[in-house]
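Descriptive structure summary
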Amino acid sequence: DDADIVEQMCAIQRAVGGTPRQYVTFVDQYRRIFASKREEHMESKNHLTAGLSKLEEAAAAVAELSGQAAEQQTLLAEKQQLADEALSRITVSMSAASERKKEVESLKEKTRTEEKDLSVQKAGIEDELKDVQPLIDSARAAVGQIKSDNINEIKSLRTPPEGILAVLEAVLLLMNNPDTSWA
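Each residue is numbered by its place in its chain's sequence as written, counting from 1. Confidence filtering applies because this is a predicted model: local features only for residues at pLDDT of at least 70, side-chain atom pairs given and counted only at 80 or more, and all residues used for totals across whole chains, interfaces and linings. Based on all heavy atoms of the structure, the side-chain values leave hydrogens and waters out of the count.

**Quick notes on the overall build of the protein chain**
We count a stretch as a helix when DSSP gives it H or I for four or more residues in a row; a strand needs E for two or more, and each element gets its number in order from the N terminus. Helix and strand counts for the protein chain come out as four helices and zero strands. Along the protein chain, helices and strands appear, N-terminal first, in the series α-α-α-α. The C-alpha radius of gyration of the protein chain comes to 61 Å, more than 25% above the 16 Å expected for a compact globule of 183 residues. In terms of overall dimensions, the protein chain has a C-alpha envelope of 175 × 35 × 25 Å along the principal axes. Here's how the labels work: a residue is buried when its accessible area is under 20% of the maximum for its type, exposed when over 50%, partly exposed in between, all with a 1.4 Å probe on protein chains only. By residue count, 3% of the 183 residues in the protein chain fall in the buried class. Of the accessible surface of the protein chain, which amounts to about 16,000 Å², a share of 59% is contributed by carbon and sulfur atoms. Averaging the coordinates of the 23 positive side-chain charges in the protein chain and doing the same for the 32 negative ones gives two points 6 Å apart. This radius of gyration counts C-alpha atoms alone. The globule rule is 2.2 Å times how many residues there are, raised to the power 0.38. For the accessible areas, the method is Shrake-Rupley and the probe is 1.4 Å, while residue cover comes only from the protein chains on display. We treat Lys and Arg as the positive residues and Asp and Glu as the negative residues; His and chain ends play no part in the count. Here the site of a charge means atom NZ of a Lys, CZ of an Arg, CG of an Asp or CD of a Glu.

Here you go:
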């Protein structure tokens, strides 16, 4: 459409009038303005093209980050579920440990009570033993003085007399041997 431009310029020259030199100046001035405007438009076009490419790069980056965010969201959901399950197991374990602790405390208290009772019983038994111990010691001493001849004599009896039988049973009890099946 350069022909249209030339025709329009010729029409302007005819309407305005002027010399050929003025026409050449007019064309030269038009060419400079046209070149200047064309350069401005090219700069604007390049600027818009660069901006458009930046927007496309940004859109690609946003799309990539959105994909990564979706993956991270999925991973986060999985990790959250694992953490919730672990928390649930820990809560159950803590409850069980608390119950065991209560049982242990109960057993400790029961043991303390039984120890007190046993201490009381032990004190009673020791008091009784103080009274009986001299008799047991003298009986042991007496048993220690039995000679083997006396034992052989008792062994030779088929059925020992009732008094000897009672004494032997008592001696066996003192020696922690309650078996009297031999009699």
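**Digging into the confidence of the model for the protein chain**
Scored from 0 to 100, pLDDT records how confident the predictor is in each individual residue. Model confidence for the protein chain is summarised by a mean pLDDT of 87, while 98% of its residues fall at 70 or above. Within the protein chain, helix α2 (residues 20-144) carries the highest mean pLDDT (91), whereas helix α3 (residues 148-156) carries the lowest (74).

**Examining the packing of aromatic side chains**
Pairing of aromatic side chains here covers Phe, Tyr and the six-membered ring of Trp, requires ring centres within 6.5 Å, and sorts the geometry by plane angle: under 30 degrees stacked, over 60 edge-to-face, intermediate tilted. Enumeration over the complete set of coordinates arrives at one aromatic pair. Ring centres of tyrosine 30 and phenylalanine 34 lie 6.1 Å apart, and the angle between their planes is 20°; on these two criteria the pair is classed as stacked. One end of the pair, tyrosine 30, and the other, phenylalanine 34, are both in helix α2, four residues apart, so they sit about a helical turn from each other.

**Some words on the environment of isoleucine 125**
Its location among the elements puts isoleucine 125 in helix α2. Separated by 23 residues in sequence, isoleucine 125 and serine 148 have C-alpha atoms that sit 35 Å apart.

**So, helix α1 (residues 2-16)**
Under the 1.5 Å per step criterion, the end-to-end length of α1 is 21 Å for 15 residues, consistent within 8% with the ideal 21 Å. At the C-terminal side of α1, glycine 17 shows a positive phi close to 85°. Expected span of a helix, by definition, is 1.5 Å for each gap between consecutive residues, and there is one gap fewer than residues.

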